Amino acid sequence: MPQIAYLGPPGTFTEQATRQLTGGFEAELVPFETVPLALAAVRAGDVLAAGVPVENSVEGSVPATLDTLTTDDPLVAVQEAVLPVQFDLLARPGLALSEIGTVASHPHALAQVRGWLAENLPGASVHAASSTAAGAAAAAAGEFDAAISAPVAIEHYPSLVRLAGGVADVRDAVTRFLLVRRPGALPEPTGADRTSVCAVISDEVGTLADMLAELSLRGINLSRIESRPLRERFGEYRFFLDFDGHVADARIGDALTALHRRCSTVWFLGSYPKADRSPAGVRPSASEQAFEVAAKWLDDIRAGRLA
């Protein structure tokens, strides 16, 4: 049975997301302590792929994922999942909500439920854990009364009981996850795809605007842009771009070749179906038919078939 890595330990949102990402085939899920370790296992061929978080609508991007994707051998994303970030309050049996005195969880999780805790557990003290699952494990061991955890955690800690579900200050908060593997055959285009790249541009006036113009000129919708510093060169940055479309689409392929010419380095990070399956809006001048007609027109000119 193939093995799929994920950012562990068991009982986290990443495990829950990786289950969804691999829902179409049988696989053994293997937890790793960090994102770099999970992706290193993919590069080494120890596992088939890895499920990793890439961005959260409240806390922003996951730097460890972005940095590791553009370090060492190439990796590509082939699937994405978007999970609502709503937590469970798990507690030791026999405790009522009013009796909870201590709560443990990861600091990011505690930050996302600060208001809920103040309203529902005003007298409880909060304690940081290395992960939401570690908080649940500590509660199960009797170190704390309760834990704020991912819903999947109760499967791993059945001695705990769910006192509350859907816990969140921001009701619509979500986290996006990617299934990443070594380069190979890409997913077929669906018409509702996303392409991810990372580009390094020269430190000159207008280069960022010029790079983005390559997308705009081809009618490509840019859904995300983020900069990360180049560690070896202070003041220079990598730009992570997500945009609608698949590398097999003529307009996307044309834009990628333009970026390759214009940028000092371009990493292709994958073309994959969007989690929400929303189709890409394409203006007529950027359609596949428009590119085919224009290419034939140019071929005819070069062959001397047009006056």
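Residues numbered from 1 in each chain as written. Predicted model: local features only at pLDDT ≥ 70, side-chain atom pairs only at ≥ 80, totals over all residues. Heavy atoms only, no water.

**Q** Whenever I open this one, helix α9 (residues 250-262) confuses me. Can you help?
**A** Every α-helix winds through 3.6 residues per turn, so residues three or four apart in the chain are directed the same way. Compared with an ideal rise of 1.5 Å per residue, which puts 13 residues at 18 Å, α9 spans 18 Å between its outermost C-alpha atoms and is within 8% of the ideal. At its buried positions, α9 is contacted by β12 (193-200), α8 (207-216), β14 (237-244), β15 (265-273) and α10 (288-302). (Helix = DSSP H or I, 4+ residues; strand = E, 2+ residues; numbered from the N terminus. Expected span 1.5 Å × (residues − 1). Contact = heavy atoms within 4.5 Å.)

**Q** Just to check I follow, could you spell out the environment of Ala-38 for this structure?
**A** Tracing the chain through its elements places Ala-38 in helix α2 (residues 35-44). For the pair Ala-38 and Ala-290, spaced 252 residues apart in sequence, the C-alpha to C-alpha distance is 42 Å. Ignoring sequence-local partners within four residues, the contact set of Ala-38 consists of Ala-5, Phe-32 and Ala-50.

**Q** How should unusual backbone geometry be read in this particular structure?
**A** Keep in mind that most residues, glycine aside, have a negative phi and that most peptide bonds are trans. Note the cis peptide between Gly-8 and Pro-9, where omega equals 5°. Residue placement: Pro-9 occurs in the loop between β1 (3-7) and α1 (13-21). Even without glycine at this site, Asp-72 takes up a positive phi of about 75°. Take Asp-72: it is sitting in the loop between α3 (63-69) and β5 (76-84). For Asp-72, a relative accessible area of 61% gives the class exposed. For Arg-277, which is not glycine, the phi torsion reads 55° and is therefore positive. Here Arg-277 shows up in the loop between β15 and α10. Assessed through its relative accessible area of 46%, Arg-277 is described here as partly exposed. (Buried < 20%, exposed > 50% of the residue type's maximum accessible area, 1.4 Å probe, protein only.)

**Q** Help me understand the pattern of salt bridges in this model?
**A** Any two side chains of opposite charge can pair, given that their charged atoms come close. Taken as a whole and judged by the stated rule, the model has 21 salt bridges. Note that Arg-162 and Asp-88 form a salt bridge whose closest N and O atoms lie 2.5 Å from each other. Remark: Asp-88 occurs in strand β6 (residues 87-91) and Arg-162 occurs in strand β10 (residues 161-167); sequence separation between them is 74 residues. Exposure remark for Arg-162: the relative accessible area of 43% places this residue in the partly exposed category. The salt bridge involving Asp-244 is made with Lys-274; its shortest N-O contact spans 3.4 Å. Here Asp-244, found in strand β14, pairs with Lys-274, found in the loop between β15 and α10; they are 30 residues apart in sequence, far enough to count as distant. For the pair Asp-244 and Lys-274, a shared accessibility class is recorded, and that class is buried. Because the salt bridges share partners, they merge into one network encompassing Glu-55, Glu-80, Arg-176, Arg-194, Arg-224, Glu-226 and Asp-242. (Salt bridge = Lys/Arg side-chain N within 4 Å of Asp/Glu carboxyl O.)

**Q** Sorry if this is basic, but what is going on with the pairing of β12 here?
**A** Regular strands have side chains that alternate between both faces of the sheet. Of all the 8 residues making up β12, 8 are buried; the element is thus mostly covered by neighbouring parts of the structure. What you see with β12 is no split at all: Asp-193, Thr-195, Val-197 and Ala-199 on one side and Arg-194, Ser-196, Cys-198 and Val-200 on the other are buried throughout. Bridge count for β12 against β15 is 8 bridges, and the pairing is antiparallel. Bridge pairing in β15 links Thr-195 to Ser-271. Inspection of the sheet shows β12 paired to β14 by 7 bridges, in the antiparallel sense. Residue pairing for β14: Cys-198 is matched across the bridge by Phe-240. (Pairing = 2+ DSSP bridges.)

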